Amino acid sequence: MSPRHALLTLMLAVGVAACSQSNPPSPADSDPRVARVQPAPSTSTPTAAGPLLTLQLDGVAWQADREIWGAVHPPGMGQTVIMSGSFGPKDAHEQAFNLNLHAATQPGTYRLQSTAPAIGMVQLANLSQERYLMGNVLGYDIEVELLQMQVNPVRIEARFEGSLVASDGATLKLTAGHFRYSE
């Protein structure tokens, strides 16, 4: 495992560990700057096709080609919804996307910002040699529309957009994000 891949793995583990502790009221719960859940309109109907994770970064398409996976309220992680997928071979150049939405109790619109990590986290690793990390501790501002979430069997559909700060200092616009997974 390369040092960069080890660092990314450690950063993801720290983020997961932080959300796996008990869920006492978060300081973000009383912070008026943090967007609260807005119920989704009842007219949204998720599609019934297979798993999908796709997005655009500064207008360039990116789509996971394997390990598209999701979880709703996994044991030990409270009310977290996890959305992930990878592109490319499983090696040091694997491009891995993760979006963790904490305190998700119902479909609706959630705002994820690096200034309020108690709400959630998003990252993309290994987009390129210069952009080995985007989002996470570097910065993100993403709006997630959680269209469907079901615990058993797991069903998740979401759309998302916003911006990610990359390790080279650039801020990339993320548009047309779409995640779909069911068991």
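Residues numbered from 1 in each chain as written. Predicted model: local features only at pLDDT ≥ 70, side-chain atom pairs only at ≥ 80, totals over all residues. Heavy atoms only, no water.

Quick word on the environment of Asn136
Convention followed: Put simply, DSSP marks the helices as runs of H or I at least four residues long and the strands as runs of E at least two long, and each gets a number from the N terminus on. Within 3.5 Å is the distance limit for a polar contact, defined as a pair of N or O atoms, with the added protein rule that one can donate a hydrogen and the other accept it, and that residues adjacent in sequence qualify only through two side-chain atoms.
Counting through the fold element by element, Asn136 comes out in the loop between β9 (133-135) and β10 (140-150). Considering only alpha carbons, one finds Asn136 and Gln123, 13 residues apart in sequence, at a separation of 5.1 Å. A polar atom in the side chain of Asn136 sits 2.4 Å from the side chain of Gln123.

Things to note about the pattern of salt bridges
Operational definition: Any carboxyl oxygen of Asp or Glu within 4 Å of a side-chain nitrogen of Lys or Arg constitutes a salt bridge here. For the exposure calls, accessible area comes from a 1.4 Å probe over protein chains only, and a residue counts as buried if that area is under 20% of its type's maximum, exposed if over 50%, partly exposed in between.
If you walk through the whole model with that rule in mind, you get five salt bridges. Between Lys90 and Glu67 there is a salt bridge, and its shortest N-O distance comes to 3.7 Å. Of the two residues, Lys90 is situated in the loop between β5 (81-87) and β6 (95-101) and Glu67 in strand β4 (residues 66-72); the sequence distance between them amounts to 23 residues. Given the relative accessible area of 42%, Glu67 is considered partly exposed. Across the pair Arg131 and Asp168 runs a salt bridge, and its minimum N-O distance is 2.8 Å. Placement of Arg131 in the loop between β8 (120-125) and β9 and of Asp168 in the loop between β11 (155-165) and β12 (171-182) is noted, with a sequence separation of 37 residues between them. Classification of Asp168 as partly exposed rests on a relative accessible area of 39%. Via salt bridges that share partners, Arg66, Glu67, Lys90 and Glu94 belong to a single interconnected network.

Quick look at the pairing of β6
Short version of the rule: Strands qualify as paired when DSSP identifies two bridges or more between them.
By the criterion of burial, β6 is predominantly enclosed, with six of the seven residues buried. In the sheet, β5 pairs with β6 via seven bridges, with the strands oriented antiparallel. Residue Ile82 lies in a different strand from β6, and its bridge partner there is Asn100. By the bridge criterion, six bridges tie β6 to β8 in an arrangement that is antiparallel. When the bridges of β8 are listed, Phe97 appears paired with Leu124.

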